[in-house]
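Summary of structural features
Here are the chains, one letter per residue:
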Amino acid sequence: MKLNLRLQPLAYAIILSSMPVISHAQLGQNLSIDIRALSMGNAVTADPPGISAIHFNPAGLTKIEGLQTDVQGLLVDFNIRREFEAPAGYNVFGYSDDPIICNDVATVGQKICSDFKDYAVSKVDHPSLYVPVLKKMVNWPQGLPLAAPLAGAAYKPPGSKITYASALYAPLVAGFGSADGDPGNFMGQQVAIERITYLSPSAAYKVSDNLSLGASIGMSYQAIGLKTDLRFPNELIGVLRLIDEDVCGPFQENGNIVSDLLLFGLCNAEEGVGPFKSFGSMEVALEQTLSPSYNLGLLWEPSDDFGFGMVYQSNSKMKLKGDYAIENGRGGQELIRALSSSVTGAILQAILGFPSYVPPSETGKVSMDLEYPAHFQAGVKYKVLPDLQFNFDIGWTDYAAWDYFRFKFDRQVSALQIAKLLSNDVTASSLNLPLKFRSPWSWGVGMEYSATDRLKLRLGYEPRKSAIPDDRRNTLVPINNAQMFGAGMGYRFDPDTDIDLTVMHLRSRDNIPANTSGLANQTGVNNLLLNPYAGLNVKTNTKVTILGIAYRTKW
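Computed from a predicted structure; not experimentally measured.

Rules and cut-offs
Residues numbered from 1 in each chain as written. Predicted model: local features only at pLDDT ≥ 70, side-chain atom pairs only at ≥ 80, totals over all residues. Heavy atoms only, no water. Helix = DSSP H or I, 4+ residues; strand = E, 2+ residues; numbered from the N terminus. Buried < 20%, exposed > 50% of the residue type's maximum accessible area, 1.4 Å probe, protein only. Polar contact = N/O pair within 3.5 Å; in protein donor to acceptor, adjacent residues only side chain to side chain. Contact = heavy atoms within 4.5 Å. Arc of directions from axis to C-beta. pLDDT = per-residue confidence, 0-100. Core = buried A, V, L, I, M, F, W, Y, C linked by side-chain atoms within 4.5 Å. Disulfide = S-S within 2.5 Å. Patch = residues over 30% accessible without salt bridge, like charges linked within 9 Å, V, L, I, M, F, W, Y side chains within 5 Å. Areas by Shrake-Rupley, 256 points an atom, 1.4 Å probe, with all protein chains shown as cover. Salt bridge = Lys/Arg side-chain N within 4 Å of Asp/Glu carboxyl O. Pairing = 2+ DSSP bridges. Phe/Tyr/Trp six-rings, centres within 6.5 Å; stacked < 30°, edge-to-face > 60°. Lys NZ or Arg CZ within 6 Å of the ring centre and 35° of its normal.

**Regarding the side chain of Asn-42**
Structurally, Asn-42 is set in the loop between helix 2 (35-39) and helix 3 (53-56). Judged by relative accessible area, which is 2%, Asn-42 ranks as buried. Of note is the side chain of Asn-42, whose polar atom sits 3.0 Å from the side chain of Glu-462. Dropping the residues within four chain positions of it, Asn-42 is found in contact with Asn-30, Ala-37, Phe-56, Gln-377, Asp-393, Glu-462, Arg-464 and Met-484.

Shown next as structure tokens:
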């Protein structure tokens, strides 16, 4: 019981806080760096865009002459829809009156749902942002997309072979929230994740007329925020409901010392627990102010019609630190209080190390070891006609490095002392979440057509293969395999000034049949932590739209 009532909210909360990092793996990579790259399907390693070459291929900085500045603005809209459906025979330990998918009015003693909804719908209500100064999440005005400014500067001294540059950009700014009571809130009512590179000193050297090398160092800020409701549709929680409603029924008003001794005082609880009842709510915020990494690039252009580029973006090992706050539901508090009220219950608590009291709220500090994965990309550009150029890139990201998410608490947790007897991944003050992530290869293609000497038109496509195995898909990261479409134009106002405009659309649909994911809807007695929709069919539909403008000028 202790494992379910005290460890579950704490471990569930902290583990959930790591899930938005996965959303970066799927949603965020290269989506908020440069709008020209988006319009070309991010196939720009052999044709890096201006100062954004710092990220895509630092060697491309040698194309800059004199002093150049880039200023970009992005508007980002997240449209996320999640559906929950009860399959035939749905139940958790014989109970199916789940208010998420059942239309029946809740009544005492009801166990079986007689009128299932066709499906329950969860929608994103507003964007969310994590504010570093406040160290908390704030809601963005409803109906307005997220805005992200980007800026950079580069300088190549006259006659020099070296170009110097630095930029402020956001490898990821994503966040969204749902209204109170939304069925998706049990896996994130409010989510925000940010990785902001605030300083990126870079240099590129022109080895010859055809070959350039470059390197950059990124100094980034990383933050994760999460607010979620908690519930545990687990078979063991179903047993506790059975005891409360059926076994304890005759003793609720006329209990005696015999019933207390035989039933460990469980019948003294003023409110019971159940697989579909809320266990409370939780907020977690983790951050690291300095997360260093580096990029190495090569660019080879033997002719004006052909080019080859290659970039390696290093990993970055981080220790995110922050706070957690949990509001415990009354059912869990009453269960522990009831055990304490009985002699046999108190003995059981002492033998197993159960707490004698569960407070209404809990706060503390936690840290998370996280490795930002390394990435490699290579690509070519080729002019099939004087005015028509095609780019093609392939890339690989080392998400397999995420063998575990490791959490350390600022104190020993008695529940973890129990859990360590059940798992090698738990100690008295730490918790490891084993993962099975893959390191997928992906590709992208882009086309640029020079309509006139001033106007260029661009199209791009990038299919994104998921790093998340089928048995780890979930609703907090509502994306699996995805497709990204980009379109844009570039206009040269004068020899020193260029304007780029881009629209990008990313879409992903996923279907998670009941009992197929250990991070969403697995059933049984071993789905203790991350399965708030156990036994339900889950569908997700995610759409991300970005509008962007860039102003590039030479001085």
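**A word on helix 7 (residues 343-352)**
Within helix 7, the full set of buried residues consists of Thr-344, Gly-345 and Gln-349. Burial along helix 7 is one-sided: seen end-on, the buried residues are contained in an arc of 145°. Facing away from the buried surface of helix 7 by more than 90 degrees, the exposed residues are Val-343, Ala-350 and Ile-351. The inward-facing, buried residues of helix 7 contact helix 5 (257-262) and helix 6 (330-340).

**Regarding the confidence of the model for the protein chain**
The predicted coordinates should not be examined in detail at positions where pLDDT is low. On average, the protein chain scores 85 in pLDDT, and the residues at 70 or more come to 88%. Of the regions scoring below 50 in pLDDT, residues 1-7 engages in 35 contacts with residues more than four places distant in sequence or in other chains.

**With respect to the nonpolar core**
Formed by 94 residues in total, the largest nonpolar core has its most connected members in Phe-84, Ile-101, Tyr-533 and Ile-546. Here this core gets eight residues from one element, more than from any other, and that element is strand 6 (residues 162-177). Grouped together as the second largest cluster of nonpolar side chains are six residues, Tyr-130, Met-137, Ala-192 and Ala-285 included.

**Side note on the environment of Gln-189**
Turning to its location among the elements, Gln-189 is positioned in the loop between strand 6 and strand 7 (190-199). Note: C-alpha distance between Gln-189 and Thr-228 (39 residues apart in sequence) is 4.9 Å. Beyond its immediate chain neighbours, meaning those up to four positions away, Gln-189 contacts Phe-176, Gly-177, Ser-178, Ala-179, Asp-180, Lys-227, Thr-228 and Asp-229.

**Quick look at the environment of Ser-450**
Within the secondary structure layout, Ser-450 lies in strand 19 (residues 441-450). Separated by 63 residues in the primary sequence, Ser-450 and Asp-387 place their C-alpha atoms 5.0 Å from one another. Ignoring anything within four residues of it in the chain, the contact list for Ser-450 reads Asp-387, Leu-455 and Lys-456.

**Structural notes on the state of the cysteines**
Overall, the coordinates contain two disulfides when judged by the stated rule. The partner cysteine of Cys-102 in its disulfide is Cys-113, sulfur to sulfur 2.1 Å. Here the S-S torsion is close to 100°, and the disulfide linking Cys-102 with Cys-113 is therefore right-handed. One end of the pair, Cys-102, is in the loop between strand 1 (66-85) and strand 2 (120-123); the other, Cys-113, is in the loop between strand 1 and strand 2, and 11 residues separate them in sequence. In this structure, Cys-102 and Cys-113 share a single accessibility class: buried. The residue that forms a disulfide with Cys-248 is Cys-267, at a sulfur-sulfur distance of 2.0 Å. The sign of the S-S torsion, about -80°, decides the handedness of the disulfide formed by Cys-248 and Cys-267: left-handed. Separated by 19 residues along the polypeptide, Cys-248 in the loop between helix 4 (235-247) and helix 5 and Cys-267 in the loop between helix 5 and strand 10 (278-300) bring together distant segments of the chain. Summarising the burial analysis for this pair, Cys-248 and Cys-267 share the class buried. Looking at the protein chain, its bonded cysteines, counted consecutively from the start of the sequence, adopt the pairing 1-2, 3-4.

**Structural notes on a nonpolar patch on the surface**
Together, Ile-257, Val-258, Leu-261, Leu-262, Val-343, Ile-347, Ile-351 and Leu-352 make up an exposed nonpolar region whose accessible area comes to about 800 Å². Elements with a minimum of two residues in the nonpolar patch: helix 5 and helix 7. Tracing the sequence through the fold places Val-258 in helix 5.

**A look at the pairing of strand 1**
Relative to strand 5 (residues 146-156), strand 1 runs antiparallel, the two sharing 11 bridges. Note on strand 5: the bridge partner recorded for Gly-66 is Lys-156. Both strand 1 and strand 2 contribute to a ladder of four bridges, which runs antiparallel. Pairing of Glu-83 across the sheet is with Val-121, part of strand 2.

**A look at the packing of aromatic side chains**
One pass over the structure, following the stated rule, counts 12 aromatic pairs. An aromatic cluster of at least three residues, connected via ring pairs, comprises Phe-392, Trp-443, Tyr-461 and Phe-485. Seen from the ring of Tyr-372, Arg-195 lies directly overhead, with NZ or CZ sitting 3.9 Å from the centre.

**Focus: the pattern of salt bridges**
In total, this model carries 27 salt bridges according to the counting rule given. Residue Glu-448 is joined to Arg-36 by a salt bridge in which the shortest nitrogen-to-oxygen separation is 3.5 Å. With Glu-448 in strand 19 and Arg-36 in helix 2, the pair connects residues that are 412 residues apart, well separated along the chain. Within this structure, Asp-34, Arg-36, Asp-47, Asp-70, Glu-448, Lys-456, Arg-458, Asp-500 and Arg-552 form a network of salt bridges that share partners.

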